[in-house]
Amino acid sequence: MTAAMDTRVDLDRLAEVRVLVVGDAMLDAWSWGPPRGLSREGPVPVVRVTEQTEAPGGAANTAAAIAALGARAGLVGLVGDDRDGDRLRHILAEHGVDTDGLHTVPGRATLVKRRISSGNHLHLRCDTGDETPPSPTVTGRLAATVASAAATSAAVVACDYAAGLWTPRLIDAVAAAARTAGRPLVVDAHDLSRWARVRPDLVKPNAGETARLLPDGEARARFARDRVGTVLAYRDALLRATGSRAATVTLDRDGVVVLTDQRAPWHLPAAGDAVPDEQTSGAGDTFVAALTAACCAGARLRDAVELAATAAAVAVASSGTSTCTADDLRARLSGVPPVVVEPGQLVELAATHRAAGRRIAFTNGCFDVLHAGHVAYLDAASRLGDVLIVAVNDDAGVRRLKGPDRPLNPLRDRLAVLTALAGIDHVVVFAEDTPADLLRLLRPDVYVKGGDYTEEMLAEAPLVRQLGGEVRIVDYVEDRSTSGLVGRIRRGAVPTG
């Protein structure tokens, strides 16, 4: 992928696009923490949970991914009248998704996928929620909502995760609404054969879904040996099985194969290294979101596929269920890394900077209430290297270090302030009590701390030196600390000087 692609897909035009997403709306919940060995109660791992996150899942994540790219997204689906449904609505609103078409059904349980992970290792996933088909009355309401919203949308995306929503009547109604409005119908479904009769304009099967579409055991055995070659050879059979005019077959480490009924198929190899399956949550949703939005913004299919593959690569670089923003895309296409990075990106990030001859400075802290002491020490740290990377404790980590009444500012607010400072090049969040794991990944040239520390107080100092770096203590600004500031506020006092 090169920066030249940015001239072929005008990202600014995405703001003009509205996409309607219809499908199985879910809440994705993640619990993270370090492993603590096996339980005495049974041969199962114990995880000390230090962080919990919630994100849109399923069709809700596709809608959130569209909104993250700067386009407008509307979502039609079902939730229950429960806490999970309320949380999903709230999170979607934070992402900028129009949820007027999200119907609440009394007595129905919202679909939730709960995962427990240590780093990139997934220990367990628990699925809850109501997967019974909606009643004819509810199906009729959904169909009417889609018919109304399709007319004001550039495309209709159907997300079918085989979670009970998609009755034959609803499939026919959504396809009819798209046709009546003259909008393309894009389908992302676990079982695309159910959609063949309505003849979608574009489908997006993954590797497992493609294998089920192949005509016989011989074809599936060949697919197991050579996925790209098999898809290319069985183009006509796959398009017949889906009833579609075009298919973008996503094959993870083998890239994407594009099939159409008009032109020769082509293959886009995957860029970069393959990532673990545990890290791919949301990648397919991001791919179909970016693909659809780019096509609606006037991009050619080939260019839209390249953009979608880039967006999916950004999503899988993040932990949990993730999306990709337009700024993320611009950064990836320009070769400039984003400001907020994931721990898993540090090795590649360090290699990129070192290849350019840059010296890497690293520091860490809570940065709960940014004050003059922070600003002075971060400025000094930035002068000790060409690149400054700041590691920030997550909210649970701040509570362990500072007490139950901290942080005063949640992680999102702390990141917003830090990323606005000109001297900071990258920010990374960590859940552990020390940044030792980050230091091993990054191997900084210099580890910087403020003058309220001595080297003897830093448990990480020997590790830094072992990794070939140096430890530097910069000047301390007297009477400037968050704890002191909080104390003065509580006493009704003001700082001096």
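Note that the structure is predicted; figures quoted are calculated from it, not measured.

Caption draft 1: Main features of the pairing of strand 17 (residues 360-365). For strand 17, the tally of buried residues reaches 6 of 6 residues, placing the bulk of the element in the interior. Neither face of strand 17 is open: one carries Ile360, Phe362 and Asn364, the other Ala361, Thr363 and Gly365, and all of them are buried. With 6 bridges connecting them, strand 17 and strand 18 (residues 387-393) associate as parallel partners. Opposite Ile360, over in strand 18, you have Val387 as the bridge partner. This β-α-β element, strand 17 to helix 13 (residues 372-382) to strand 18, shows right-handed connectivity. Two elements, strand 17 and strand 20 (residues 446-449), share 2 bridges in a ladder whose sense is parallel. When the sheet's bridge partners are listed, Phe362 is paired in strand 20 with Tyr447.

Caption draft 2: Local environment of the side chain of Thr292. Residue placement: Thr292 occurs in helix 9 (residues 283-296). According to the relative accessible area criterion, Thr292 is buried, its value standing at 3%. Sequence-distant contacts of Thr292, defined by excluding residues within four places in its chain, comprise Val19, Ala155, Val157 and Val186.

Caption draft 3: Structural detail: the packing of aromatic side chains. The full count for this structure, using the stated rule, is 4 aromatic pairs. Between Trp166 and Trp195, the aromatic rings sit 4.8 Å apart at their centres with planes inclined by 70°, giving edge-to-face as the arrangement. With Trp166 in the loop between strand 10 (155-160) and helix 4 (168-181) and Trp195 in the loop between strand 11 (185-189) and strand 12 (202-203), this residue pair connects regions lying 29 residues apart in the sequence. Here Trp166 and Trp195 have matching classes, each one buried.

Caption draft 4: Inspection of the sheet that holds strand 5 (residues 51-58) at higher detail. Strand order across the open sheet formed by 4 strands is 5-2-8-9, with mixed pairing between neighbours. The sheet is open, and its two borders are formed by strand 5 and strand 9 (121-128), each paired with just one other strand. Geometrically, the sheet is characterised by an average inter-axis angle of 20° between neighbouring strands, direction not taken into account. As judged from the 7 bridges shared by strand 2 (residues 25-32) and strand 8 (residues 111-118), these two strands associate in the parallel manner. Note that in strand 8 the partner of Asp28 across the bridge is Lys113.

Caption draft 5: The arrangement of helix 2 (residues 83-94) in detail. Here helix 2 contains 12 residues, and its C-alpha end-to-end distance of 17 Å stays within 8% of the 16 Å for a straight helix at 1.5 Å per residue. Every buried residue belonging to helix 2 is among Asp84, Gly85, Leu88, Ile91 and Leu92, and all of these are buried. Along the axis of helix 2, the buried residues cluster in a sector spanning 130°; they form a single face. Packed against the buried residues of helix 2 are strand 2, strand 5, helix 1 (59-68), strand 6 (72-80), strand 7 (98-105) and strand 8. In the stretch just after helix 2, Gly96 is the one whose phi turns positive, near 85°.

Conventions adopted
- Residues numbered from 1 in each chain as written.
- Predicted model: local features only at pLDDT ≥ 70, side-chain atom pairs only at ≥ 80, totals over all residues.
- Heavy atoms only, no water.
- Buried < 20%, exposed > 50% of the residue type's maximum accessible area, 1.4 Å probe, protein only.
- Helix = DSSP H or I, 4+ residues; strand = E, 2+ residues; numbered from the N terminus.
- Pairing = 2+ DSSP bridges.
- Right-handed = clockwise from strand over helix to strand, strands pointing away.
- Contact = heavy atoms within 4.5 Å.
- Phe/Tyr/Trp six-rings, centres within 6.5 Å; stacked < 30°, edge-to-face > 60°.
- Axes fitted to C-alpha atoms, helices over the stretch in contact; angles between N-to-C directions.
- Expected span 1.5 Å × (residues − 1).
- Arc of directions from axis to C-beta.

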